[in-house]
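Chain by chain, the residues run as shown.
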Amino acid sequence: MRVNIGESSNPETMPPSMLVSAAYDGASKKALLKFYDPKSKGLYLWWDETGHKPYCYSKLSPEELGHLESRSDILDISRVEKHSLADDCTMAVSKITAGDPLAIGGKPYGSDTERSVRDIIETWESDIKYYETYLYDRRIVVGRYYKAQAGELEPVDIEISDEVSLALKSLLWDKVDSGSMVDEEGFRKCISDWADLLNQPIPEIKRLSVDIEVESVEGRLPDSKIADNTVTAIGLAGTDGFGRVLVLRTPGTPEGANELGPDIKVEFYEPDCEAQMIRDAFEIMESYPFILTYNGDDFDLPYLHNRAMRLGIKNEDSPLHMLKDSATLKRGIHIDLYKTMSNRSFQIYAFGQKYTDFSLNSVSVALLGKQKIDYGLKFDEMSLYQTANYCYHDALLTYELTSFGDGILMNLLVTISRIGRMPIDDIARLGVSQWIRSLLYYEHRVRNCLIPRRDDLAKRTKEVTADAVIKDKKYRGGLVVEPQSGVHFDVVVMDFASLYPSIIKVRNLSYETVRCPHPECRKNSIPQTKHWSCSKRNGITSMIIGSLRDLRVNYYKSLSRKETLTEVQRQQYTAVSQALKVILNASYGVMGADIFPLYFLPAAEATTAIGRHTILETIKKCKDAGVDVLYGDTDSLFVKSPTAEQVQYMIDEAKKDHGVDLEIDKEYRYCVLSNRKKNYLGVSKSGKVDVKGLTGKKSHTPPFIRKLFADILEVLAGVQSPEEFEQAKDVVSKMIQECGKKIENLEIPLDEMAFSMMLSKAPSEYTKTQPQHIRAARQLDGIRELKRGDRISFVKTIGKPGVRPLETARKGEIDTTKYAEFLESTIEQVTSTMDMDFDVILKKPKQAGLDQFFWG
DNA sequence: GCGGACTGCTTACCT
DNA sequence: ACAGGTAAGCAGTCCGCG
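These numbers were taken from a predicted model, which means no experiment stands behind them.

### Re the overall build of chain A
On a plain count of helices and strands, chain A comes out with 26 helices and 27 strands. Here the C-alpha atoms of chain A give a radius of gyration of 30 Å, agreeing with the 29 Å that 2.2 N^0.38 yields for 856 residues. If you line up chain A on its principal axes, its C-alpha atoms span 90 × 85 × 55 Å. Here chain A holds 856 residues, and 55% of them are scored as buried. Relative to all contacts within chain A whose residues are 6 or more apart in sequence, the contacts with residues 24 or more apart total 67%. Summing over all exposed atoms, chain A offers an accessible surface of approximately 37,300 Å²; the carbon and sulfur share of this is 49%. For chain A, the separation between the mean place of its 114 positive charges and that of its 125 negative charges on side chains is 4 Å.

Now the structure itself:
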């Protein structure tokens, strides 16, 4: 991120403040750090005072690089020593130092003396943003506290005042198991450094959310680049209950009645005062260190900025600074929550897949239990106060996404930025592969290791990629055990704690250790592959992922069980634990993702291969011990009525043979397995029901079927013994029959009958086939514009297209047969394995064609 | 010309 | 712009058939 503020002098003193973001200030050509002071709730800006400059490396000698010397933007070329992890050697490289980051990269056009160095010669470390390089080189960590005294910046650790923390540190000390570590001491140090950083207090963050409404011309979305439509309202919601709406009067629009509470101030502007309204909004925004939006990178902020320019506001009077694909603040920090909520890692691991699409409404419903305001009116039909209420409400929802659940989202962002060594706004905007990239780059710099180029790594994988591959996949993944179909009572689910990270640690897997250059390591082979791993050096990813794993498994898991925690500590440990989970879950995946700069297939392949080997060997051990394995998926085993001794035996053997921690995850009173993998139902001893993979729970299934399914589960949850099952079956049969009748009699409201599906691309991009949900979407042409990522609701109808969007559907055209079939197949997933034969009731005999015979 | 078998596309889920 | 493994429904195609 590049801003243009220009040189300002750094503060003489700064109270302990947390580093939250960084940027490159093009005007002063310096790195710019942004610190947050928890006391004043304001920001301190700090420009580099060390003379640090952008640079990259080349393997050419300074003589061979002589042609660069003449460039005015190249300041220096010198010889330095760097370690190459992949070659396990030290080498001399040329460090090319420049006056401006654009001299290193980002200017691919022009003559050889104008283009960036990385576009002229082969370079290393030239694709790192300058402010990142700056942070790494100075070992400045986002999320740490710093203070300034007499103009000197220095880190301060906030005292962790509780004795619990110290006591648990000794716990951590004992629990570190070195395994085959070459440098055990270093590993311990590494973990305790992490704990020190992650236990630093997370401050209360002062923030303001912003949402705008823009006058729109019939059917055309306002363009944030052109910004030629009037901004009609600006909603603002901030910490400490701050709420304000700025509303532009438009001729002919009634004022209406104020529905907003007394604390929410509504300010009206005359039609010709739009510029003043925007100026006032800017002024409020500038008084907050953090600005939140929902899709503000793509819409709200660029629109505001460009509209301001169009209305004659000067660039220097706008607090905003637009970049290619993000909107930033010159002084503050902008967090676009739309990007955050769309991040699969947050969606799945932090929020347990509670929402399935990323609209503000869906996310709010799932996480806050609140909806957007719906007056059932078009924007141009709303009164001024209605617009105000609507606009403020959106801002409020956006704000509340960061405040619900004790502010877990802000805490997560801070914690992940500590781990990734990355500005908080980047954490909120970028994907997990970028977080892990940043973390690993930092560690390379700490160790003075040259970061490899993609083709350095690609060269080492060339000879092994041609192997037999799975269709559409690059390598084989986890093992899924064929389930033993039936109802099983007393089932224990065991799983390996963080299996893949454990494997990465124990088997020393990293891009430089898998297929390392040492001939003597080749005997350390990886089962089922042609790979081996190093026995001489600890791999860098193995060290880092391994210590994060140990931190989570040995430290934060026990911490969260402590009962003497204060509320603040509990919140902090929850955030750390979740953040570690998110990063660990992705750590193996990125090694096999070709967008990841340290992409190295053999390492990913080795991880899953050892995973399969581990679970297979454990199953063998079960058989030896007389334990029946009913099912298993990747890192879990469902075992039937094991004794405590048998469980302990398995745990001990897994640790002894594979160095992994097998644990009891769940104990089911009973468990319904079908012959399908990744499909089951388990009832815990507490009566809690786990449903996995069954259609009755999937988000595209019509609500009335999902409800019936939930009702059935409730009945099943009460079943204590095989005998009670028989009664439950009767109850369930009746429920299903009733539902069948309702379908036939068209007694179900249309919206309950709608299938709902996500469009993974724009409707026009479906060229190979035309799936049902797309046929429905096309019928909405001119009524509602559908984009990629939107969901479409449709019902199944008789006649030609077979589907109709919910908006235009009528009950009379519902295809009851299709619904009966879908109901039958959905319910059958549970009932078939429970020996409930519903065929008699529901299934339509092939030869019969009429509904009335079928339901009779 | 039609229907079953088959493949491929698409979405949603599990770990 | 983390991975692979699996289920399900449907679209489209191929093949056989007096």
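### With respect to the packing of aromatic side chains
Applying the stated rule across the entire model yields 27 aromatic pairs. Ring geometry for Phe755 against Phe794: centres 5.8 Å apart, planes inclined by 15 degrees, an arrangement best described as stacked. Of this pair, Phe755 sits in strand β25 (residues 755-758) while Phe794 is found in strand β26 (residues 791-796), placing the two residues 39 residues apart along the sequence. No difference in accessibility class separates Phe755 from Phe794, as the two residues are buried. By way of ring pairs, the aromatic residues Phe704, Phe755, Phe794, Tyr819 and Phe822 are connected into one cluster. The ring of Phe268 carries Arg249 above its face, with NZ or CZ at 4.5 Å from the centroid. Above the ring of Tyr766, the side-chain terminus of Lys761 is found at 4.8 Å from the ring centroid.

### Focus on the sheet that holds strand β10 (residues 207-214)
Ordered in space as β13-β12-β11-β10-β14-β17, the six strands form an open sheet in which the pairing is mixed. Either end of the sheet is taken by a strand with one partner, and the two such strands are β13 (265-269) and β17 (333-336). Neighbour to neighbour, the strand axes of the sheet diverge by 20 degrees on average, direction disregarded. Where β10 lies against strand β14 (residues 290-293), three bridges are found, and the strand directions are parallel. The residue of β14 that forms the bridge with Leu208 is Ile291.

### Digging into the packing of helix α19 (residues 601-624) against helix α20 (residues 644-658)
Look at α19 against α20: their axes get within 10 Å of each other, and the N-to-C directions meet at 140 degrees. Taken together, the axes of α19 and α20 are oblique relative to one another. In the crossing of α19 with α20, the sense of the turn from one axis to the other is right-handed. Counting all contacts with α19, which are made through His613, Thr614, Glu617, Lys621 and Cys622, the residues of α20 involved are Tyr649, Met650, Glu653, Asp657 and His658. When its residues are assigned to classes, the contact of α19 with α20 shows three nonpolar, three polar and four charged.

### Some remarks on the protein's contact with DNA strand C
The local shell around DNA strand C holds 30 residues, among which Gly477, Ala593, Arg676, Arg775 and Lys796 are the closest. When the atoms of DNA strand C within 4 Å of the protein are grouped by moiety, sugar and phosphate amount to 85% of the total. One of the backbone nitrogen or oxygen atoms of Lys474 is found 3.3 Å away from a phosphate oxygen of DNA strand C. Lys677 places a polar side-chain atom, nitrogen or oxygen, 2.9 Å from a phosphate oxygen of DNA strand C.

### A closer look at the nonpolar core
Counting 145 residues, the largest nonpolar core has Leu33, Ile335, Leu548 and Leu551 as the members making the most contacts within it. When near neighbours in sequence (up to four residues on either side) are disregarded, Leu33 contacts Leu19, Ser21, Ala22, Tyr44, Leu45, Trp46, Tyr134, Leu135, Ile140 and Leu153.

### Details of the protein's contact with DNA strand B
In the neighbourhood of DNA strand B, 22 residues make up the surrounding shell, with Asp635, Ser699, Met758, Ser760 and Tyr766 lying closest. Close to the protein, within 4 Å, the atoms of DNA strand B belong to sugar or phosphate groups at a rate of 95%. In the environment of DNA strand B, a phosphate oxygen lies 2.7 Å from a nitrogen or oxygen atom belonging to the backbone of Ser699. At 2.9 Å, a backbone N or O of Met758 approaches a phosphate oxygen of DNA strand B. Looking at the surface near DNA strand B, the elements with two or more residues in it are β24 (689-692) and β25. Tallied by class, the residues present in the surface near DNA strand B amount to six nonpolar, seven polar and nine charged.

### Comments concerning the pattern of salt bridges
Within the structure shown, the criterion is met by 51 salt bridges. In this structure, the salt-bridge partner of Asp394 is Lys372, at a minimum N-O distance of 3.0 Å. One end of the pair, Asp394, is in helix α11 (residues 384-400); the other, Lys372, is in the loop between α10 (360-368) and α11, with 22 residues separating them in the sequence. Judged by its relative accessible area of 4%, Asp394 is buried. Taking the shortest distance from any N to any O, the salt bridge between Lys656 and Glu653 comes out at 3.6 Å. Of this pair, Lys656 and Glu653 both sit in helix α20, three residues apart, which is roughly one turn of the helix.

### Some details on the pairing of β24
Where strand β23 (residues 680-684) and β24 come together, four bridges link them in antiparallel fashion. Note on β24: the bridge partner recorded for Val683 is Val689. What sits between β23 and β24 in their antiparallel hairpin is a turn of four residues, with Gly687 showing a positive phi close to 95 degrees.

Cut-offs and rules
Residues numbered from 1 in each chain as written. Chains lettered and ligands numbered in written order. Predicted model: local features only at pLDDT ≥ 70, side-chain atom pairs only at ≥ 80, totals over all residues. Heavy atoms only, no water. Helix = DSSP H or I, 4+ residues; strand = E, 2+ residues; numbered from the N terminus. Rg over C-alpha atoms; globule rule 2.2 N^0.38 Å. Buried < 20%, exposed > 50% of the residue type's maximum accessible area, 1.4 Å probe, protein only. Contact = heavy atoms within 4.5 Å. Areas by Shrake-Rupley, 256 points an atom, 1.4 Å probe, with all protein chains shown as cover. Lys, Arg positive; Asp, Glu negative; His and termini not counted. Charge placed at Lys NZ, Arg CZ, Asp CG, Glu CD. Phe/Tyr/Trp six-rings, centres within 6.5 Å; stacked < 30°, edge-to-face > 60°. Lys NZ or Arg CZ within 6 Å of the ring centre and 35° of its normal. Pairing = 2+ DSSP bridges. Axes fitted to C-alpha atoms, helices over the stretch in contact; angles between N-to-C directions. Parallel < 35°, antiparallel > 145°, perpendicular 65-115°, else oblique. Left-handed = near helix turned anticlockwise from the far one by under 90°. Nonpolar A, V, L, I, M, F, W, Y, C, P; charged D, E, K, R; others polar. Near = heavy atom within 4 Å. Polar contact = N/O pair within 3.5 Å; in protein donor to acceptor, adjacent residues only side chain to side chain. Core = buried A, V, L, I, M, F, W, Y, C linked by side-chain atoms within 4.5 Å. Salt bridge = Lys/Arg side-chain N within 4 Å of Asp/Glu carboxyl O.

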